[in-house]
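Remarks on the overall topology
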Amino acid sequence: MNEAAIRTQELGKAYVKRRSLREIAMSPFAAAEPVQGLVDVTLEVRRGEIFGLLGPNGAGKTTLLKILAGLILPTRGRAEVEGFDLASEDRAAKRAIGFVTADERSFYWRLSGEENLVFFARLYGLGAEEARRRVRDLCETMELKDVAARQFMSYSSGMKQRLAICRALLHDPAVLCLDEPTRSLDPIAAKHLRRFVSEKLHVGRGKTVLLATHNLAEAEEMCGRLVVLDRGRVVRQGRLEEITGGLPGRDGYVLSVTGNGRVPEDPRWSAVEEPQPGGTLRLTVAVDRGGAALSDLLRRLLAGGATILSCSRREPSLQEVFDLMDEGGGGAP
């Protein structure tokens, strides 16, 4: 059995850069300049997982999702959704995927949420009774039952986003693509939406979720595996520890140690913060995974008269991956 819900192989997309009126007037016969939206993107999303598509604005996340949803065509390469080739089996591939954007503007504002969903369900080919049954079920799942009869224009941003997810699920796709779904939401609404996706869609309904985001904490919280895109290219992919592992100058664990007393000079201390009330210092040190270097440093602290109040482990974060990309070191490990 094919375990891949999504598979891409050397997928590429080139756009033609729009020219300004001045550029057209100055060079009317100049060839249009191509812009690479995606460059040789190869990845695999397994069935039943939440897979993160991470990258800064302009990295190519939305372009990739639109290709998978059948909204735009790739320039080169191939892609499959639930085993269906997007080039030769596009109708079957589209039925297998639901696509949700952050800035959804195609709902009818004067209709109720339920009327909107019934309308789109009929466009999907559902009969009247089946459409109403499906809409009621989805509104209950997404906790919109109590507001389903209200006009769409009265909905909060969080309600609108959940209604957009309802619409993407009307044809019961196996795969759900979410393009920065919490971007316009306040922290509480964003937290609730992440819970909906993780608990009710992923666990409750068994959906495979491809989540595009530039929110590092969101990706760390929700995703089992990740791909990091930068300027249309895959720079890192794998589990969180695989993506953050091997970063230059960041090997091993990073630990925060709090202690009282004199701190011995040692090049392995990467940061010493200002003294806290009561003479407490916060220290950060990068050490190897074997633990010998940490033990040595702790012994030196104790020998210097310090009292170790706490010691906690912190793994490198995805922010450091972005920082590394900004420094020009974003190659794959």
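Summary of the structure given here. (Residues numbered from 1 in each chain as written. Predicted model: local features only at pLDDT ≥ 70, side-chain atom pairs only at ≥ 80, totals over all residues. Heavy atoms only, no water.)

The helix and strand tally for the protein stands at 11 helices and 14 strands. Here the protein holds 333 residues, and 44% of them are scored as buried. Summed over its atoms, the accessible surface of the protein is roughly 17500 Å², and 51% of this surface lies on carbon and sulfur atoms. (Helix = DSSP H or I, 4+ residues; strand = E, 2+ residues; numbered from the N terminus. Buried < 20%, exposed > 50% of the residue type's maximum accessible area, 1.4 Å probe, protein only. Areas by Shrake-Rupley, 256 points an atom, 1.4 Å probe, with all protein chains shown as cover.)

Pairing is antiparallel in the open sheet, where 4 strands are placed in the order E2-E1-E4-E5. Since the sheet does not close on itself, it has two edges, and those belong to strand E2 (34-46) and strand E5 (84-85), each with one partner. Sheet topology note: the strand E4 (residues 76-81)/E5 ladder contains 2 bridges and is antiparallel. Pairing of Val81 across the sheet is with Phe84, part of E5. In the packing of helix H2 (residues 61-68) onto the sheet, the strands contacted are strand E1 (4-16), E2 and E4, and the crossing angle to E1 comes to about 115 degrees. (Pairing = 2+ DSSP bridges. Contact = heavy atoms within 4.5 Å. Axes fitted to C-alpha atoms, helices over the stretch in contact; angles between N-to-C directions.)

In this section: unusual backbone geometry. The backbone phi angle of Glu82 is positive, close to 55 degrees, even though this residue is not glycine. Assignment of secondary structure puts Glu82 in the loop between E4 and E5. Residue Glu82 is classed as buried on the basis of its relative accessible area, which comes to 18%. Here the phi dihedral of Glu180 falls at roughly 45 degrees; this positive angle occurs in a residue that is not glycine. Considering the arrangement of structural elements, one finds Glu180 in the loop between strand E7 (175-179) and helix H7 (187-203).

In terms of nonpolar packing, the biggest core is built from 47 residues, with Leu144, Ile165, Leu176 and Leu178 touching the most fellow members. If we skip the residues at most four places from it in the chain, Leu178 touches Leu65, Val100, Ile165, Val197, Val209, Leu210, Leu211 and Ala212. In terms of nonpolar packing, the next biggest core, distinct from the first, is built from 28 residues, Ala5, Leu43, Leu53 and Val81 among them. (Core = buried A, V, L, I, M, F, W, Y, C linked by side-chain atoms within 4.5 Å.)

Take helix H5 (residues 128-141) next. Here H5 contains 14 residues, and its C-alpha end-to-end distance of 20 Å stays within 8% of the 20 Å for a straight helix at 1.5 Å per residue. Where H5 is concerned, the buried positions are Ala131, Arg134, Val135, Leu138, Cys139 and Thr141. Looking straight down H5, one finds its buried side chains confined to an arc of 155 degrees; they lie on one side. The inward-facing, buried residues of H5 contact helix H4 (113-123), helix H6 (157-168) and H7. Just beyond H5, the residue with positive phi is Glu143, at close to 55 degrees. (Expected span 1.5 Å × (residues − 1). Arc of directions from axis to C-beta.)

Turning our attention to the packing of aromatic side chains. Aromatic ring pairs are defined here through the distance separating the ring centres and the angle between the ring planes. Applying the stated criterion across every chain, the model contains 6 aromatic pairs. Relative to Phe152, the ring of Trp109 has its centre 5.6 Å away and its plane inclined at 80 degrees; by these criteria the two rings are edge-to-face. Linking Trp109 in the loop between strand E6 (97-100) and H4 with Phe152 in the loop between H5 and H6, this pair joins segments that are 43 residues apart in sequence. You can call Phe152 buried: its relative accessible area is 1%. Pairwise contacts between aromatic rings join Phe107, Tyr108, Trp109, Phe119, Phe120, Phe152 and Tyr155 into one cluster. The ring of Phe196 is capped by Arg195, whose NZ or CZ atom sits 5.0 Å from the centre of that ring. (Phe/Tyr/Trp six-rings, centres within 6.5 Å; stacked < 30°, edge-to-face > 60°. Lys NZ or Arg CZ within 6 Å of the ring centre and 35° of its normal.)

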